Amino acid sequence: MRKFKLQVQTSVDGYMGGPNGEMDWMTFPWTDDINAYIDALTQPVDTIVLGRKLAEGFIPAWESGPEGEDQASIDWMNNTPKVVISDSLTESPWKNATVAGGDLAETVNRLKAQPGGDMIAYGGGTLVANLIAEGLLDEIHLFVNPTALGEGMPVFPKLDSHQRLQLVTARPFDCGITALHLEPKRS
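Below is a summary of the structure that appears in this document. Because the structure is a prediction, the values reported are computed rather than measured. One numbering rule holds for all chains: residues counted from 1, following each sequence as written. The predicted nature of this model means local features are confined to residues of pLDDT at least 70 and side-chain atom pairs, given and counted, to a pLDDT of 80 or more, with totals for whole chains, interfaces and linings taken over all residues. With hydrogens and water stripped out, all remaining heavy atoms of the structure feed into the side-chain values.

**Observations concerning the side chain of Asp33**
Within the secondary structure layout, Asp33 lies in helix α1 (residues 32-42). The side chain of Asp33 is buried and forms no salt bridge, while Arg171, the nearest opposite charge, is found at 4.7 Å. Here a residue-residue contact requires only that any non-hydrogen atoms of the pair lie within 4.5 Å. The residues touching Asp33, leaving out its near neighbours within four places in the chain, are Arg171, Pro172, Phe173 and Asp174. Helical segments are the DSSP runs of H or I of at least four residues, strand segments are the runs of E of at least two, and each set is numbered from the N terminus. We call a residue buried when its accessible area falls under 20% of the maximum for its residue type, exposed when it is over 50%, and partly exposed in between, using a 1.4 Å probe and counting protein chains only. Positive charges come from Lys and Arg alone, negative charges from Asp and Glu alone, with His and the N- and C-terminal ends not counted. In what follows, salt bridge is the name for a side-chain nitrogen of Lys or Arg lying within 4 Å of a carboxyl oxygen of Asp or Glu.

**With respect to the packing of aromatic side chains**
Aromatic pairs are defined between Phe, Tyr and Trp rings, using the six-membered ring for Trp, whenever the two ring centres lie within 6.5 Å; interplanar angles under 30 degrees are classed as stacked, those over 60 as edge-to-face, and all others as tilted. For the structure on display, the rule yields five aromatic pairs. When the ring of Phe28 is compared with that of Trp30, the centres are 5.4 Å apart and the planes differ by 25°; the resulting orientation is stacked. Residue Trp30 is classed as partly exposed on the basis of its relative accessible area of 24%. For the pair Phe58 and Tyr122, a centre-to-centre distance of 5.7 Å together with 25° between the ring planes defines the contact as stacked. In this pair, Phe58 sits in helix α2 (residues 52-63) while Tyr122 sits in strand β6 (residues 118-123), placing the two residues 64 residues apart along the sequence. Each member of the pair, Phe58 as well as Tyr122, carries the same accessibility label: buried.

**Some thoughts on unusual backbone geometry**
Cis geometry is found at the peptide bond from Phe28 to Pro29, where omega equals 0°. By the element assignment, Pro29 lies in the loop between β2 (15-17) and α1. Non-glycine residue Asn96 carries a positive phi angle of around 60°. On the accessibility criterion, Asn96 (35% relative accessible area) is partly exposed.

**Quick notes on the pattern of salt bridges**
In a structure, side chains of opposite charge can pair up when their charged atoms sit close to one another. Counted by the stated rule, this structure contains five salt bridges. Close ionic contact of Glu139 with Lys3 constitutes a salt bridge, the shortest N to O distance being 3.2 Å. Highlighted residues: Glu139 in strand β7 (residues 139-145) and Lys3 in the segment before β1 (4-11), separated in sequence by 136 residues. Its relative accessible area of 6% is what places Glu139 among the buried residues. In this structure, Arg52 and Glu56 form a salt bridge, with 2.7 Å as the shortest nitrogen-oxygen distance. Remark: Glu56 and Arg52 occur in helix α2; sequence separation between them is four residues, near one turn of the helix. Judged by relative accessible area, which is 24%, Arg52 ranks as partly exposed. Overall, Glu56 belongs to the partly exposed group, its relative accessible area being 43%.

Below you can see the structure in the form of structure tokens.
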């Protein structure tokens, strides 16, 4: 079965966005060591999973070829098929993207049962919170930026019960970000 990974930027105090979704606190430029780590993380991935709100900015931004990104990254982001999780869209307005709605666990388990490489989610806040709360992720990759926000959009919002995780690796990078690779601790 395919692995389902989450890759998300976070502040040291656990926020993936500011109070209004701001992302101007993230550490850039990245260094070669973090780029190599992310290349290895995404190498087995052949499907990107996004929430609708994130997809609305993410997909067009990559289609326009964001400044500071190398062409190989731009091509990978644009050429990798995307699944947008949404109950408000019935069809995708974007190239190379399909829409999936309904019960999240059923949708994710159906995607995971399909043949192919790994899947990776980059966010949105609601999608991330629901994936974590429902225990649907196989790996969580937090890229902890050396910034505290004080408030914002939490990676781990209020949960119904404790979320037990196991640290697989922690890796600091020259740019100041530390990657935490976590996996759900299965009972």
